[in-house]
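Chain by chain, the residues run as shown.
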Amino acid sequence: MKLNMLSTFNSQRMTQKADLLKNQKVRDNSPDQQLKKVASDFEALMVQQMMESMRESVGESELLPQSQGEKVFQSMLDGEYASMASQKGELGLSRIIYEQMRPVVKKSRDGI
């Protein structure tokens, strides 16, 4: 039951973040800057999902079980870690996404 509640919370949080990404305006309105921002945010979402999957695969300690509050905090902390990793660009996923999507954005901008 608790795991289902946490999964529901995480799903709702990911949906909210995705909605924010759609609606968020970047200060610099150039398409390249917007694409870089979206690629970085997408990388952060992917890293957070990866971290959550890794935590689920380890299992919970019977000796020191986590409360629901600790699980929510851990999920939020994972989100911050993912965001920091994405901003530093050490994984390189956002750069790859940007390079792959740049021609598509350019074509749509040029009306081709």
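Residues numbered from 1 in each chain as written. Predicted model: local features only at pLDDT ≥ 70, side-chain atom pairs only at ≥ 80, totals over all residues. Heavy atoms only, no water.

Caption draft 1: A look at the pattern of salt bridges. Applying the stated rule across the entire model yields five salt bridges. A salt bridge links Lys 37 to Asp 41; the shortest N-O distance between them is 3.2 Å. With Lys 37 and Asp 41 both in helix α2 (residues 31-58), this residue pair falls four residues apart, about one helical turn. Judged by its relative accessible area of 33%, Lys 37 is partly exposed. (Salt bridge = Lys/Arg side-chain N within 4 Å of Asp/Glu carboxyl O. Helix = DSSP H or I, 4+ residues; strand = E, 2+ residues; numbered from the N terminus. Buried < 20%, exposed > 50% of the residue type's maximum accessible area, 1.4 Å probe, protein only.)

Caption draft 2: Examining the environment of Met 46 more closely. Note that Met 46 resides in helix α2. In this structure Met 46 comes out as partly exposed when scored by relative accessible area, which is 42%. Taking the C-alpha atoms as reference points, Met 46 and Leu 93, 47 residues apart in sequence, are found 9.2 Å from one another.

Caption draft 3: Region of interest: the packing of aromatic side chains. Enumeration over the complete set of coordinates arrives at zero aromatic pairs. Above the face of the Tyr 98 ring, Lys 36 is positioned so that its terminal group lies 5.4 Å from the ring centre. (Phe/Tyr/Trp six-rings, centres within 6.5 Å; stacked < 30°, edge-to-face > 60°. Lys NZ or Arg CZ within 6 Å of the ring centre and 35° of its normal.)

Caption draft 4: Molecular detail of helix α4 (residues 93-110). Taking 1.5 Å as the rise per residue, α4 with 18 residues should run 26 Å; its terminal C-alpha atoms sit 26 Å apart, in good agreement. Its axis deflected by about 35° at Met 101, α4 carries its strongest bend there, up to four residues before the proline Pro 103. Turning to α4, its buried residues are Ser 94, Ile 97 and Tyr 98. (Expected span 1.5 Å × (residues − 1). Bend = angle between axes of the 7 residues up to and from the residue.)

Caption draft 5: Main features of the confidence of the model for the chain. Summarising the model, the chain shows a mean pLDDT of 81, and 73% of its residues fall at 70 or more. No element of the chain has a lower mean pLDDT than helix α1 (residues 2-23), which averages 63, and none a higher one than α2, which averages 91. (pLDDT = per-residue confidence, 0-100.)

Caption draft 6: Summary view of the packing of α2 against α4. Closest axis-to-axis distance for the α2/α4 pair is 9 Å, and the angle between their directions is 140°. On the basis of the axis angle, α2 is oblique to α4. α4 is crossed by α2, and the crossing has right-handed handedness. Mapping the contact onto sequence places Pro 31, Asp 32, Leu 35, Lys 36, Ala 39, Ser 40, Phe 42, Glu 43 and Met 46 in α2 and Leu 93, Ser 94, Ile 97, Tyr 98, Met 101, Arg 102, Val 105 and Arg 109 in α4. Counted by class, the contact of α2 with α4 contains 10 nonpolar, two polar and five charged residues. (Axes fitted to C-alpha atoms, helices over the stretch in contact; angles between N-to-C directions. Parallel < 35°, antiparallel > 145°, perpendicular 65-115°, else oblique. Left-handed = near helix turned anticlockwise from the far one by under 90°. Contact = heavy atoms within 4.5 Å. Nonpolar A, V, L, I, M, F, W, Y, C, P; charged D, E, K, R; others polar.)

Caption draft 7: Region of the structure containing the packing of α2 against helix α3 (residues 68-88). Running from N to C, α2 and α3 point in directions that differ by 135°, and their axes come no closer than 8 Å. As judged from the angle between their axes, α2 and α3 are oblique. Handedness of the α2/α3 crossing: right-handed. For the pair α2 and α3, the contacting residues are Ser 40, Asp 41, Glu 43, Ala 44, Val 47, Gln 48, Met 51, Glu 52 and Arg 55 in the first and Gln 74, Ser 75, Asp 78, Gly 79, Tyr 81, Ala 82, Ser 83, Ser 86 and Gln 87 in the second.

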